[in-house]
Amino acid sequence: MKVRTQGVTVVLALALILALALIVRQGTSTGQSLPRDLQELVQARKLTPDQVRAALQTYVPPGQYDEYLMFSSGGQSGQVLVYGLPSMRLLRVIGVFAPEPWQGYGFSKETRQVLGEGETPEEALTWGDTHHPAISETNGEYDGQFLFINDKANARMAVVDLRDFATKQIVKNPNAASNHGAVVSPNTEYVLEATQYAAPFPFGYQPVTQESYNARFRGLATFWKFDRGRGRIDPAASFQIELPPYWQDLADFGKLESDGWVLMNSFNTERAIGGTLQKQPPMEIGASARDMDYLHIINWKKAAQLVAQGKGRVVNGMRVLPLQVAIDQGVLYFAPQPKSPHGNDVAPRGDYIVTAGKLDPNVTVYSFKKIQEAIKARAFSGKDPYGVPILAFDRVVAAQVKVGLGPLHTQFDDKGNAYTSIFLDSAVSKWTLGPPYKNAAEGWKLVDKISVQYNIGHLAAVMGDTVKPGGKYLVALNKWSVDQYRNIGPLFPQNLQLIDISGEKMKLLSNTPVGLAEPHLAQIIPMDRVKAWATYPQPGTNPLTMRPDPQAIKAGQARIVRRGNTVEVWMTAMRSHFTPDRIRVKKGDTVILHITNIERTKDAIHGFAIDRYNINLSLEPGKYETVTFRANKVGTFPFYCTEFCSALHLEMAGYLEVTP
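Every value quoted in this text rests on a predicted model; they were computed, and no experiment measured them. (Residues numbered from 1 in each chain as written. Predicted model: local features only at pLDDT ≥ 70, side-chain atom pairs only at ≥ 80, totals over all residues. Heavy atoms only, no water.)

Enquirer: Explain a nonpolar patch on the surface to me, please; I cannot follow it from the model alone.
Expert: A cluster of nonpolar side chains, namely L405, F423 and L424, defines an oily patch on the protein surface of about 280 Å² accessible area. Secondary-structure assignment places L405 in the loop between strand 24 (397-402) and strand 25 (407-412). Accessibility expressed as a relative area gives 47% for L405, which makes it partly exposed. (Patch = residues over 30% accessible without salt bridge, like charges linked within 9 Å, V, L, I, M, F, W, Y side chains within 5 Å. Areas by Shrake-Rupley, 256 points an atom, 1.4 Å probe, with all protein chains shown as cover. Salt bridge = Lys/Arg side-chain N within 4 Å of Asp/Glu carboxyl O. Helix = DSSP H or I, 4+ residues; strand = E, 2+ residues; numbered from the N terminus. Buried < 20%, exposed > 50% of the residue type's maximum accessible area, 1.4 Å probe, protein only.)

Enquirer: In this structure, what is going on with unusual backbone geometry? I would like to understand it.
Expert: Glycine aside, a negative phi is what most residues show, and trans is what most peptide bonds show. A cis amide bond links P435 with the next residue in sequence, P436, at an omega value of 10 degrees. Its location among the elements puts P436 in the loop between strand 27 (427-432) and strand 28 (446-451). Of note, the amide linkage connecting T579 to P580 takes the cis form, showing an omega dihedral of 0 degrees. Mapping P580 onto the fold places it in the loop between strand 38 (577-579) and strand 39 (582-586). For L256, which is not glycine, the phi dihedral falls at a positive 50 degrees. Of note, L256 is situated in the loop between strand 13 (247-253) and strand 14 (261-267). Located in the positive-phi region is N268, a residue other than glycine, with phi close to 50 degrees. Along the polypeptide, N268 turns up in the loop between strand 14 and helix 6 (283-286).

Enquirer: Explain the pattern of salt bridges here, please?
Expert: Applying the stated rule across the entire model yields 23 salt bridges. A salt bridge links D414 to K415, with the nearest nitrogen and oxygen atoms 3.4 Å apart. Ionic pairing is found between K479 and E518, a salt bridge with its closest N-O pair at 2.9 Å. Residue K479 is located in the loop between strand 30 (473-478) and strand 31 (494-500), and its partner E518 is located in the loop between strand 32 (507-514) and strand 33 (522-526); the two are separated by 39 residues in the primary sequence. With a relative accessible area of 19%, K479 lands in the buried category. Classification of E518 by relative accessible area gives partly exposed; the value is 22%. Within the structure, one salt-bridge network assembled from shared partners comprises E141, K468 and R529.

Printed below as a string of structure tokens:
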């Protein structure tokens, strides 16, 4: 009887919710009740009112658009994942550090050039470990023009142009072995990359002994100069700051009040080097022995001035500000930071820095004003072994808020609240910032907590690390899914969970499995801030230069020209044929294909593949691509369109003849 009563209550509640949805949708009160078949459907699926409410909040009807885009790192896939919110539909995978066949990324001359940047003949990289996407900013707000993403495994940084959602540049750090993070300055003058694990500096071989480690290993803060007009990083105008051999981690540029400064956390200030077979403590024990690590406080604008004045030295082509110069010139300070930290996030006004020690139940909030006062008063509690002054902890901390076990990363909303991921508790904690965000009586308090499944790492809120956070939604990027999906083998999908943060209490809306890799971090931007192209604006646009390519052709200009052992083919693609559709070369010839998609219709995409020659392109409307290959196999090879483009798609084909 009790079960029946509950069921009736559920249905009545659902009827109310759905009736309200109908009213809102029609813009007027219709007095309509929930149709019986919908009541039966809800009852048959045993949905609760909260579940139906969540479904209504996240449902995007056919033909309508999501409100936000979320750019998520693709982890070990080396790619970037793009989701629509609130539906959490995967809209796009952007090829970045690994070939992506659908986009033809890594197959054409143009994309091979990008993917191969930083490689050497001895080092052909076929994967990346993307961790931290960073959308370009103007005045501290996402502007939707560019996306930067780091490759932790190979110390690389990539630039994605959000006009065509394609990777344009990869730069490799000449002095680092790994990195962790990409963050941009408030107007995207620089993209900051911090080393993750200390390595020999300059990079090369050094024995892993304590003496060698202390003397020869270093960390680095790399400031990649970004030329917005060219849409490229300028390595020649970039610089690095040498840091002690701690394991630098996440960083954030200051903004507004703290503009001109960078805050960066670190762990393994113990300088542990492992050695379990030599009866030494394992790395995880050695690197967690101290109660405090160091928050790095860096005056990056002053560092840039010093480097411009010639105070640095050049190492492997990169200008480097030496550690001693950074200390002597007041560029680098430390503040004690509990313990084994990961998160390091600057509040919207730039006045507070929130850090989270993974082995401490509190988030620690530093006041930028207090930091500046302590620097001015030389309120130091000591120096580290390399001479970096350490600010007195009690002179720079504004508050500590107990949020749970294993705090990691913090985002902000538009109401003066902060949200911290709690790894060990598998939860998100909501807490209040102090004045001027909240009054003194309301500030620095834990106000809500919601469980997630499971082992959350980072989180992302709408515009959540800008000067104008948007609130409304938050996404938890969870490492384990455990019982959320049916087993499909022992490699379980990761789990993204969408949470409504618009009210006082957080509400779980949906789960999204990620069966690709570990999405590490994400950023969320209103959809209308990204001005993506539907077609390349000018026919024959080279995707690398974003301008018409001189080798692009119009209809009627297709031709084949032989010059010695080189055969050049100028080809057009349109529904439903390639022109020319027969190409004859000799074994050993170098073949250069210049292919222009002369379509101007939105979504009229073609592909181009040659059987047995490992060639595959994506040709969006107006796009030009080049393929160069050596005809080293005799035979008659079909080539064809790989996109189902028309009723006669299968007939969009031809032959490559390679004669003996």
